[in-house]
Amino acid sequence: MANLGNPQNTIDIIQKYGFRFQKKYGQNFLIDTHVLDKIVAAAGVTKEDLVLEIGPGIGTMTQYLAEAAREVIAVEIDKNLIPILEETLVGYDNVVIINDDILKVDIEKLAREKNGGRPIKVVANLPYYITTPIIMGLFESGVPLDNITIMVQKEVADRMQTGPGSKDYGALSLAVQYYARPEIVANVPPNCFIPRPNVGSAVIRLTRHPDPVVKVKDEKFMFALIRASFNQRRKTLVNGLGNAPELGVSKQQVTKALEDMGLPEMVRGEALTLGEFAGLSDLLKE
Ligand code: SAM
């Protein structure tokens, strides 16, 4: 089967099957070989690896992954793509295609059965409409992970990578950085896809921390605190957290905790590091 990572071969296969792009599934297929090489290299895929690919589309990146990995499990929601994948991946005996919604697949079970519980790699040109649930689902599920190397909307990649003080800093930055070290490895313009998305894209690698970088007594409470802090971004923490019923803390308690931490009374959430959120969470839980 011809390499799909170019415009003509992609158009040919789409026409052959009369495939119609479904906007609701975020279908933008990669047609740039340099970008494809870069993603697979950034993920550091070797012949030891089990790779989970989310949304293989017509199988373009799947071909690259199958060359580099021991085994690839590709989960695709659109049933119209399955006959196409059967053709484009016919030459590979190390690819399993699952026709399902990635949010419904028991990935932990797959990793256990197919990789003996050793860390897997996740590589994907993600459907942008569900980027956050996919990433958070992977981290929170307890699936053993080496890294997640994904194409996302550029603005989302910036949010994942940034730290305190930036306008992009928020709940997503903190959640991602709690679990992993983010690095943007490439910026990708719209002309690298068919059809062209109307936003810029970026490839970001999230390398799972082997050990937690911050320790917190109640993880759930810390994330509730983080969400409440950024829900009302322009408010001081004392006002924002003191008014959030889901936390059950008073303004006085927040004032006291900030004072104990040596932070200014008027501080906003956007100024706090992950370590400071963990500290605040522990104090408010006491
Ligand atoms: N990997 C291909 C490529 O790079 O050319 C296609 C990437 S395209 C941006 C996203 C793919 O994810 C589409 O094939 C789409 O049908 C699929 N998809 C969308 N939602 C999904 C879901 N919930 N579960 C699994 N696949 C999904």
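Whatever comes next refers back to the structure up there.
Residues numbered from 1 in each chain as written. Predicted model: local features only at pLDDT ≥ 70, side-chain atom pairs only at ≥ 80, totals over all residues. Heavy atoms only, no water.

(A) Broad picture of helix H3 (residues 60-68). Among the 9 residues in H3, 8 count as buried, and that is most of the element. Looking at H3, one finds that the buried residues are Thr60, Met61, Thr62, Gln63, Tyr64, Leu65, Ala66 and Ala68. (Buried < 20%, exposed > 50% of the residue type's maximum accessible area, 1.4 Å probe, protein only. Helix = DSSP H or I, 4+ residues; strand = E, 2+ residues; numbered from the N terminus.)

(B) Structural context of the site of the ligand. Neighbouring the ligand are 23 residues; Leu30, Gly55, Glu76, Asn125 and Tyr129 lie closest to it. When atoms are counted within 2 Å of each cavity's grid points, the one that captures over half of the ligand is the largest cavity. Put simply, the parts of the chain that give the shell around the ligand at least two residues each are strand E1 (29-30) and strand E3 (71-76). A class-by-class count of the residues in the shell around the ligand yields 12 nonpolar, 6 polar and 5 charged. (Near = heavy atom within 4 Å. 1 Å grid on protein atoms, 1.4 Å probe; cavity = no way out; pocket = protein on both sides within 12 Å on 5 of 7 lines; lining within 4 Å. Sits in = over half its atoms within 2 Å of the grid points. Nonpolar A, V, L, I, M, F, W, Y, C, P; charged D, E, K, R; others polar.)

(C) Main features of empty space enclosed by the protein. Under the defined criterion, the tally for this structure stands at 2 cavities of 30 Å³ or more. Along the wall of the largest cavity there are 27 residues; nearest its centre are Gly55, Pro56, Gly57, Glu76 and Asn125. Elements supplying a minimum of two residues to the lining of the largest cavity: E1, strand E2 (50-54), H3 and E3. Its residues placed into classes, the lining of the largest cavity shows 16 nonpolar, 7 polar and 4 charged. Its volume calculated, the second largest cavity comes out at about 30 Å³. Listed by contribution, the elements that provide at least two residues to the lining of the second largest cavity are E2 and helix H5 (107-115). Considering every element that reaches the lining of the second largest cavity, the biggest residue donor is H5, with 3 residues. Partitioned by chemical class, the residues of the lining of the second largest cavity number 7 nonpolar, no polar and no charged. (Points joined across faces, edges and corners; volume = space filled by probe spheres on them.)

(D) Structural detail: the pattern of salt bridges. In the structure shown here, the tally under the stated rule is 15 salt bridges. For Lys285, the salt bridge goes to Asp218, with nearest N and O atoms at 3.5 Å. Of this pair, Lys285 sits in helix H12 (residues 274-285) while Asp218 sits in the loop between strand E9 (201-208) and helix H9 (219-231), and the two are 67 residues apart along the sequence. Exposure remark for Lys285: the relative accessible area of 43% places this residue in the partly exposed category. One salt bridge in this structure joins Arg234 and Glu270, with 3.6 Å as the shortest N-O distance. Of this pair, Arg234 sits in the loop between H9 and helix H10 (237-242) while Glu270 sits in the loop between helix H11 (251-261) and H12; the two residues are 36 residues apart in sequence, bridging distant segments of the chain. (Salt bridge = Lys/Arg side-chain N within 4 Å of Asp/Glu carboxyl O.)

(E) Region of the structure containing the packing of helix H7 (residues 154-161) against helix H8 (residues 171-179). For the pair H7 and H8, the least separation of the axes is 7 Å and the interaxial angle reads 60°. For the element pair H7 and H8, the recorded crossing hand is right-handed. On H8, the residues that touch Val156, Arg159, Met160 and Gln161 of H7 are Leu172, Ser173, Val176 and Gln177. Among the residues making up the contact of H7 with H8, the classes are represented as 4 nonpolar, 3 polar and 1 charged. (Axes fitted to C-alpha atoms, helices over the stretch in contact; angles between N-to-C directions. Left-handed = near helix turned anticlockwise from the far one by under 90°. Contact = heavy atoms within 4.5 Å.)

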